[in-house]
Amino acid sequence: MRISTLVFWTLATIFLPGCDGISDLLPQSTAEPPSAEWSAMLAAINTIRAEGQTCGNDYHAPTEPLAWSGALESAARRHTEDMAEHEYFDHVGRDGSTVGDRVSREGYAWRRVGENIARYQNSVAEVVQDWTESPIHCANLMNPGFVEMGAAEENRYWTHVMGSPR
């Protein structure tokens, strides 16, 4: 019994050097989505994550649900509004910012971030379906390293930001 305990702590020391404990793996906030539309998106994405998905040729096993984050929503909203106002479509902002830059500006201390964007879809159901059918976007949705999300839409430009806190 003593040897197995020693092996466990040795492996934990080797493989978890950056973790301060289980709190590193938990969402930073438990905010509620601000509307029925975003509640529907969160529910749809969490259903996909619970079922597991084949994204292109790669199967992704079921994973934990995402929580809503106001900071990630704000980063998504600012990028969406900028794309819609200036009629461009890109993960890189007009100011050269990346999703990591935009999330950091909102005060989100992140370990991992990702972003899905889309345009011209008319509903949450349509945009989530399109992301699910795209291998890269689908893999982002299924990434177990993400624990929170936020989203925004403006004039049929959509941004979905996922993250895990530091």
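Use the structure listed above.
Residues numbered from 1 in each chain as written. Predicted model: local features only at pLDDT ≥ 70, side-chain atom pairs only at ≥ 80, totals over all residues. Heavy atoms only, no water.

1. Concerning the overall build of the protein
Let me state the cut-off plainly: Numbering of helices and strands runs from the N terminus; a helix is a DSSP stretch of H or I covering at least four residues, while a strand is a stretch of E covering at least two. We call a residue buried when its accessible area falls under 20% of the maximum for its residue type, exposed when it is over 50%, and partly exposed in between, using a 1.4 Å probe and counting protein chains only. Every residue pair with non-hydrogen atoms within 4.5 Å of one another is taken to be in contact.
Broken down by element type, the protein carries six helices and six strands. When the helices and strands of the protein are placed in sequence order, the string is α-α-β-β-β-α-α-β-α-α-β-β. A buried classification covers 43% of the 166 residues belonging to the protein. In the protein, the proportion of contacts linking residues at least 24 apart, taken out of those at least 6 apart, comes to 70%.

2. So, the sheet that holds strand E3 (residues 67-68)
How we decide: Strand pairing is defined by DSSP finding a minimum of two bridges between the two strands. All axes here are fitted lines through C-alpha atoms, helices being fitted over the stretch that makes contact, and every angle between N-to-C directions spans 0 to 180 degrees.
Across the sheet, which stays open at both edges, the four strands sit in the order E3-E5-E6-E4 with mixed pairing between neighbours. The outermost strands of the open sheet, each flanked by one partner alone, are E3 and strand E4 (110-119). Across the sheet, helix H6 (residues 135-142) is in contact with E4 and strand E6 (157-165); its angle to E4 comes to roughly 140°.

3. Here's the deal with the state of the cysteines
Defined as follows: The disulfide criterion is simple: two cysteine sulfur atoms within 2.5 Å.
A complete count under the given rule lists one disulfide for this structure. For Cys-55, the disulfide goes to Cys-138, at an S-S distance of 2.0 Å. On the S-S bond that ties Cys-55 to Cys-138, the torsion sits near -55°, and the link is left-handed. With Cys-55 in strand E1 (residues 53-55) and Cys-138 in helix H6, this residue pair connects regions lying 83 residues apart in the sequence.

4. So, the nonpolar core
Where we set the bar: Within this scheme, the nonpolar core is defined by two criteria: the residues are buried Ala, Val, Leu, Ile, Met, Phe, Trp, Tyr or Cys, and they are joined through side-chain atoms within 4.5 Å.
Membership of the largest hydrophobic core comes to 21 residues, with the highest contact counts inside it found for Met-41, Met-149 and Trp-158. When residues of this core are traced back to their parent elements, those giving at least two are helix H2 (36-51), helix H5 (124-133), H6, strand E5 (148-154) and E6. For this core, the leading source of residues is H2, giving five residues. Aside from chain neighbours lying at most four places away, what touches Met-149 is Met-41, Leu-42, Ile-45, Leu-66, Ala-67, Trp-68, Ser-69, Leu-72, His-160, Val-161 and Met-162. Membership of the second largest hydrophobic core comes to nine residues, among which are Val-99, Val-103, Val-113 and Val-161.

5. Things to note about the side chain of Arg-102
Within the secondary structure, Arg-102 sits in helix H4 (residues 99-105). Its relative accessible area of 7% is what places Arg-102 among the buried residues. The contact partners of Arg-102, leaving out residues within four places of it in the chain, are Ala-75, His-79, His-91, Val-92, Gly-93, Ser-97 and Glu-115.

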